[in-house]
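Observations on the model geometry
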Amino acid sequence: MTLRKTDLPTNCHLISFDSLDSTNEEAKKLASGGAKSGTVVWAREQVLGRGRYGRTWDSPYGNLYLSIIQRPTCFPSDATQLGFVTGVALAEALLSICNIEIALKWPNDIMANGKKASGILLESSINPNKSLEWLVIGVGLNIEKFPSDIENSTSLHKEGSEVTLENVLITFLHYFFNYVEKWFNNGFDPIRERWLSLSLKKGTDIKVRLPEDVIFGTFMGIDDRGSLLIEKNSEINKIDVGDIFPMVITN
Ligand code: BTN
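Quick look at the structure, then. (Residues numbered from 1 in each chain as written. Predicted model: local features only at pLDDT ≥ 70, side-chain atom pairs only at ≥ 80, totals over all residues. Heavy atoms only, no water.)

**A word on the environment of Val214**
Note the following rule: Helix numbering and strand numbering both begin at the N terminus, where a helix is a DSSP run of H or I of at least 4 residues and a strand a DSSP run of E of at least 2. Note on contacts: a residue pair is in contact if any heavy atoms of the two residues lie within 4.5 Å.
With respect to the helices and strands, Val214 occurs in strand β9 (residues 214-222). When the C-alpha positions of Val214 and Lys105 are compared, they lie 17 Å apart, and in sequence the two are 109 residues distant. Not counting the four nearest positions on each side in its chain, Val214 is found in contact with Lys207, Val208 and Arg209.

Quick look at the structure:
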């Protein structure tokens, strides 16, 4: 399938590469040089793909790697909401074209049949006056391949969906630009509601891996800024950084 400009949302400016070190690095350079909001950097392969916490993101040909530049007029602390906007848009896009179970896992992972198929990496720059200069939203989605050495990882093809890279790219970009507009016009609440409806059920027992610790508790959703709410010893704790793992009950 060949990509045509008319397939893309009107406010999207797509720049395509065969191979890059990292689409986030390229997008950050372009953003610092003044690239406009809505610029999307897409590469078919990354040789230095990065995940959260400085982890490596395996990026062979066959999967989706892109980074979107946004310049929202919001407080820097609210920009993280765009991670949830992106997660919801990607989940909706996949639900519309793949016939498999898709769910969101805090903060921004997409699970296909319960295994991780996608991750999102947000990076931003703040002006000297403390306003947000730009935000780069990096999206990696395993379509054909996945790292077999990483536990609980999968790809859409492995789970039985035969979607193509180009179809996912176009479908996702339409949902993304639509959802960003909804977020801008109506705020975070409707996004949060949709995110919750696509995520773990409240009341599920979870393990949370924090940068320096591990805690156990009950998933109670996310608050109005996207922080994780976890109940532990009858108290609700808010967590901003970490990874969650549902506890599997075995008989
Ligand atoms: C995670 O750790 O879950 C986030 C992974 C984000 C990977 C994407 S691939 C496109 C963009 N470029 C990168 O180097 N990383 C992000």
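Moving on, there is more to tell.
**Digging into the packing of aromatic side chains**
Here the distance between the centres and the angle between the planes together describe a pair of aromatic rings. Put simply, the test is: Stacked, tilted and edge-to-face pairs are distinguished by plane angle, under 30 degrees for stacked and over 60 for edge-to-face with tilted covering the rest, among Phe, Tyr and Trp rings (Trp via its six-membered ring) whose centres lie within 6.5 Å. Buried means the residue's accessible area, taken with a 1.4 Å probe over protein chains only, is under 20% of the maximum for its type, while exposed means over 50%, and partly exposed covers the values in between. Only when the NZ of Lys or the CZ of Arg is both within 6 Å of the ring centre and within 35 degrees of the ring normal is a charge said to sit over the ring.
Overall, the coordinates contain 4 aromatic pairs when judged by the stated rule. Aromatic side chains Phe176 and Phe177 sit 5.3 Å apart centroid to centroid with 85° between the ring planes, which places their arrangement in the edge-to-face category. Across this residue pair, the class does not change: Phe176 and Phe177 are buried. Feature note: the residues Phe84, Phe188 and Trp195 constitute an aromatic cluster, connected by ring pairs. Seen from the ring of Tyr179, Lys182 lies directly overhead, with NZ or CZ sitting 4.5 Å from the centre. Lying across the ring of Phe245, Lys207 places its NZ or CZ 5.5 Å from the centre.

**Re the side chain of Gln46**
The condition is simple: In the analysis that follows, any N or O atom pair within 3.5 Å is treated as a polar contact, provided that within protein one partner can donate a hydrogen and the other can accept it, and provided that, for residues neighboring in sequence, both atoms belong to side chains.
Residue position: Gln46 is located in strand β2 (residues 39-46). In terms of polar contacts, Gln46 uses its side chain to reach the backbone amide nitrogen of Thr23, at 2.8 Å. At a separation of 3.0 Å, a polar atom in the side chain of Gln46 contacts the side chain of Ser59. Ignoring any residue separated from it by four or fewer positions in sequence, one finds Gln46 in contact with Leu20, Asp21, Ser22, Thr23, Trp57, Ser59 and Tyr65.

Read these as layout, nothing more, since geometry by itself doesn't imply function.
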